[in-house]
Amino acid sequence: MKRFFRRWYGAWQRTRLGTRITLGLGALALVVFAVVGVTMVGIMHGYLDRRLDEQLTKSQNQQLPQLRETHGSPQSVYSWYSALYKVRDGVATPSPGSQLPGDAKQLARIAAEAVGGDVTRNIYLRDDGPYRVRACPVDNGSVLLSAAPQKDLDGTVRQLIWVEVVAFAFALAVLLVVGRLVLRRGLRPLADMAGTAHDIASHDLTANPALPVRAAGAGGGAEVEELRTAFNVMLAHIDTSLAAKTEANERLRRFVADASHELRTPLTSIRGYADLFRYAAANEPAEREAHLAKIRSETARMSVLVDDLLLLARLDARAAETPLRPERVDLAELAGDAADAFTAGRPDHPLTTSLAPALVSVDPLRLRQVLDNLLANAAVHTPPGTAVHVSVTASGGEAVVEVGDAGPGIAVADQERIFDRFFRVDDSRTRGNGGTGLGLSVVQSLVTAHGGTVTVASEPGRTTFTVRLPLAR
């Protein structure tokens with residue numbers, strides 16, 4: 001039995017929602033119709049019983065005065081049985097002229113009980129069926145008894161039951177058909193959303209992450225409209241997430257390719273100079289130091305590249321390990337130190353400064369690296385003699401550092417990718433300018449890790465990098 005119910009419940013769970021709702025409504029309507037029908041039949045049956053009792057009482061009350069005077073035979077009303085009983089010592093004997101059925105023992109017992117007062121009772125006569133009997137005393141020792149058949153009353157009740165069954169069955173059928181149609185129409189938006197989901201499942205998201213489909217249509221009520229909106233918002237979020245993931249994968253692929261190329265270049269040089277060093281050690285001892293110097297130079301460049309890559313990786317994973325050690329420092333002092341170092345190292349680029357005090361909570365070593373990278377970028381990408389300017393100001397709760405130069409500027413198309421890793425304005429793979437393409441990427445990552453922003457504005461004759469950092473509280 002338990003297995004049967006489990007199987008039935010499983011089949012019910014697999015049934016479509018519209019069918020289950022329709023069957024549920026039908027079952028609920030059936031219960032309501034049954035309650036209403038039973039109530040109506042009970043009310044009607046009680047009403048007919050009271051009417052029959054009223055008729056019996058009225059008929060007997062009309063006969064009592066005459067019977068008390070004459071003690072004659074009672075009047076025959078409709079198809080009722082009527083009898084005047086004489087009761088002696090608890091035994092009721094019908095008077096001559098009484099109309100009684102063939103088996104009148106039950107009527108005699110009721111008449112004997114009615115000596116002390118009115119008696120009303122239902123009996124069943126073997127040859128005639130159910131009867132409603134009323135007996136009342138006429139005078140001492142005399143009882144008037146009337147028995148009315150209940151066939152007509154029961155027939156009326158049965159007819160009412162059949163009318164109710166037919167009417168309720170028709171109403172139930174109409175309810176199920178109309179309810180199914182209404183539910184199908186109401187659930188159509190859900191079916192459309194299911195079709196949209198199947199359409200999405202048929203797309204190859206590995207080749208094209210874009211989701212061109214959305215749940216369209218209208219209607220279904222406020223709840224369905226809310227679900228449709230949430231469904232479309234979810235699709236838009238998935239679309240954006242897939243696009244971001246695809247872009248991240250593409251950037252990672254490009255990053256790995258560029259990193260491999262950047263590392264391969266110094267490694268190739270080191271291997272070549274090592275071969276030359278081995279040859280020089282055997283044949284040209286005077287050239288050994290020159291080859292060693294080249295090896296050291298390429299090793300230093302590779303070390304810078306690896307350090308930058310490691311720093312970027314740590315910044316990307318700063319939730320697990322932050323590379324920053326913040327302190328409360330004056331940004332103007334850091335900018336002044338960076339400017340002094342730039343002037344000493346690159347005397348062919350005249351430098352001017354405008355430094356106002358601005359207290360910030362930063363890692364001084366890393367922020368100094370930001371300033372050095374920006375100044376080095378200005379020197380590397382401008383011809384000798386180009387003026388460079390550094391300024392520090394504080395306004396609106398922010399410290400603003402600007403590093404500008406009067407060089408040829410950066411193309412608009414290149415400005416959009418200037419902070420990408422391994423991006424070079426000249427798209428060169430050589431190291432003629434001494435850069436690795438990671439300097440500005442490091443700048444952006446470090447500034448972002450400090451809770452700030454870095455932007456670039458450039459036109460021929462003026463390029464300015466602007467760093468904004470929150471002031472210390």
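Preceding this section is the structure that the text describes.
Residues numbered from 1 in each chain as written. Predicted model: local features only at pLDDT ≥ 70, side-chain atom pairs only at ≥ 80, totals over all residues. Heavy atoms only, no water.

Engineer: I'd like a description of the overall build of the protein chain, backed by residues and values.
Structural biologist: Of regular secondary structure, the protein chain possesses 10 helices and 12 strands. Looking at the protein chain as a whole, 35% of its 473 residues are labelled buried. For the protein chain, contacts bridging at least 24 residues in sequence account for 62% of all contacts bridging at least 6. Roughly 27800 Å² of accessible area belongs to the protein chain as shown, and the carbon and sulfur atoms make up 58% of that amount. (Helix = DSSP H or I, 4+ residues; strand = E, 2+ residues; numbered from the N terminus. Buried < 20%, exposed > 50% of the residue type's maximum accessible area, 1.4 Å probe, protein only. Contact = heavy atoms within 4.5 Å. Areas by Shrake-Rupley, 256 points an atom, 1.4 Å probe, with all protein chains shown as cover.)

Engineer: Account for the pattern of salt bridges, with residues named and values stated.
Structural biologist: Counting across every chain of the model gives 6 salt bridges. Residues E113 and R121 are paired through a salt bridge, measuring 2.8 Å at the closest nitrogen-oxygen approach. Judged by relative accessible area, R121 falls into the partly exposed class, the value being 34%. As a salt-bridge pair, E398 and R468 come within 3.6 Å of each other at their nearest N and O atoms. Of this pair, E398 sits in strand 10 (residues 398-405) while R468 sits in strand 12 (residues 462-470); the two residues are 70 residues apart in sequence, bridging distant segments of the chain. Looking at R468, the relative accessible area reads 35%, which means it is partly exposed. (Salt bridge = Lys/Arg side-chain N within 4 Å of Asp/Glu carboxyl O.)

Engineer: Can you tell me about unusual backbone geometry, naming the residues and giving the values?
Structural biologist: A positive phi is found at D89, a non-glycine position, where the angle reads about 55°. For D89, the position within the fold is in the loop between strand 1 (81-88) and strand 2 (91-94).

Engineer: So what about the pairing of strand 11 (residues 453-459)? Which residues, and what values?
Structural biologist: The two faces of strand 11 differ: V454, V456 and S458 on one face are buried, but T453, T455, A457 and E459 on the other face are not. As defined by bridge partners, strand 11 adjoins strand 12 across 7 bridges and the pair is classed as antiparallel. The partner of S458 across the bridge, within strand 12, is T463. The turn linking strand 11 back onto strand 12 is made up of 2 residues, and G461 within it adopts a positive phi angle of 95°. (Pairing = 2+ DSSP bridges.)

Engineer: Explain the nonpolar core to me, and be specific about the residues and the numbers.
Structural biologist: L331 and L374 are the most contacted members of the largest nonpolar core, which totals 37 residues. Of all the secondary structure elements, the ones that give two or more residues to this core are helix 7 (331-345), strand 8 (359-362), helix 8 (364-380), strand 9 (388-395), strand 10, helix 10 (439-449), strand 11 and strand 12. The element contributing the most residues to this core is helix 8, with 7 residues. Beyond its immediate sequence surroundings of up to four residues, L331 is in contact with A358, V360, L367, V392, A399 and V401. Judged by nonpolar contacts, the second largest core, of 20 residues, contains A83, L107, L125 and Y131. (Core = buried A, V, L, I, M, F, W, Y, C linked by side-chain atoms within 4.5 Å.)

Engineer: I'd like to hear about helix 7, residue by residue, with values.
Structural biologist: Over its 15 residues, helix 7 runs 21 Å from end to end, which matches the ideal 21 Å to within 8%, given 1.5 Å per residue. Along helix 7, the residues classified as buried are L331, A332, L334, A335, G336, A338, A339 and F342. Where helix 7 begins, one side-chain oxygen reaches toward the backbone nitrogen of A332, 3.1 Å away; that side chain belongs to D330. (Expected span 1.5 Å × (residues − 1). Polar contact = N/O pair within 3.5 Å; in protein donor to acceptor, adjacent residues only side chain to side chain.)

Engineer: Please give an account of the sheet that holds strand 12 that cites residues and values.
Structural biologist: Pairing in this open sheet of 5 strands is mixed, and the strands run 7-9-10-12-11 from one edge to the other. Whereas interior strands pair on both sides, the edge strands pair on one side only; in this sheet they are strand 7 (351-355) and strand 11. Pairs of neighbouring strands in the sheet enclose a mean axial angle of 15°, with direction left out of account. In terms of strand pairing, strand 7 meets strand 9 through 5 bridges, oriented parallel. Paired with T352 across the two strands is H389, which belongs to strand 9. The strands that helix 7 touches are strand 7, strand 9 and strand 10; relative to strand 7, the one it contacts most, it runs at about 175°. (Axes fitted to C-alpha atoms, helices over the stretch in contact; angles between N-to-C directions.)

Engineer: So, the packing of helix 7 against helix 8: which residues are in play, and what are the values?
Structural biologist: For any two helices packed against each other, the geometry comes down to the angle between their axes and how far apart the axes lie. For the pair helix 7 and helix 8, the least separation of the axes is 10 Å and the interaxial angle reads 45°. In terms of orientation, helix 7 lies oblique with respect to helix 8. Judged by the twist between their axes, the crossing of helix 7 over helix 8 is right-handed. Packed against helix 7, whose contacting residues are L331, L334, A335, D337, A338, A339, A341 and F342, the element helix 8 presents P364, L367, R368, L371, D372, L375 and A379 at the interface. In the contact of helix 7 with helix 8, the residues fall into 12 nonpolar, no polar and 3 charged. (Parallel < 35°, antiparallel > 145°, perpendicular 65-115°, else oblique. Left-handed = near helix turned anticlockwise from the far one by under 90°. Nonpolar A, V, L, I, M, F, W, Y, C, P; charged D, E, K, R; others polar.)

Engineer: Which residues make up the side chain of T386, and what are the values?
Structural biologist: Counting through the fold element by element, T386 comes out in the loop between helix 8 and strand 9. A polar contact of 2.7 Å, which involves the side chain of T386, links it to the backbone oxygen of P383. Apart from residues no more than four positions distant in its own chain, T386 is found in contact with D348, H349, P350, D405, A406 and G407.

Engineer: I'd like a description of the side chain of R132, backed by residues and values.
Structural biologist: Take R132: it is sitting in strand 4 (residues 129-139). Here the side chain of R132 touches N122 through a polar contact of 2.8 Å, side chain to side chain. Leaving out residues up to four positions away in the same chain, R132 has contacts with L52, D53, L56, T120, R121, N122, S146, A147, A148 and Q150.

Engineer: Would you mind going over the sheet that holds strand 5 (residues 142-149) in detail, with residue names and values included?
Structural biologist: If you walk across this open sheet you meet the 5 strands as 2-1-5-4-3, and the pairing is antiparallel. Pairing within the sheet leaves two strands with one partner each, and these edge strands are strand 2 and strand 3 (119-125). Shown here is a sheet whose adjacent strand axes are inclined to one another by a mean of 35°, direction ignored. Here 4 bridges tie strand 1 to strand 2, and the two strands are oriented antiparallel to one another. Across the sheet, residue Y85 finds its bridge partner in strand 2, namely P94. Strands in contact with helix 3 (residues 105-113) are strand 1, strand 2, strand 3, strand 4 and strand 5; relative to strand 3, the strand with the most contacts, it is inclined by about 170°.

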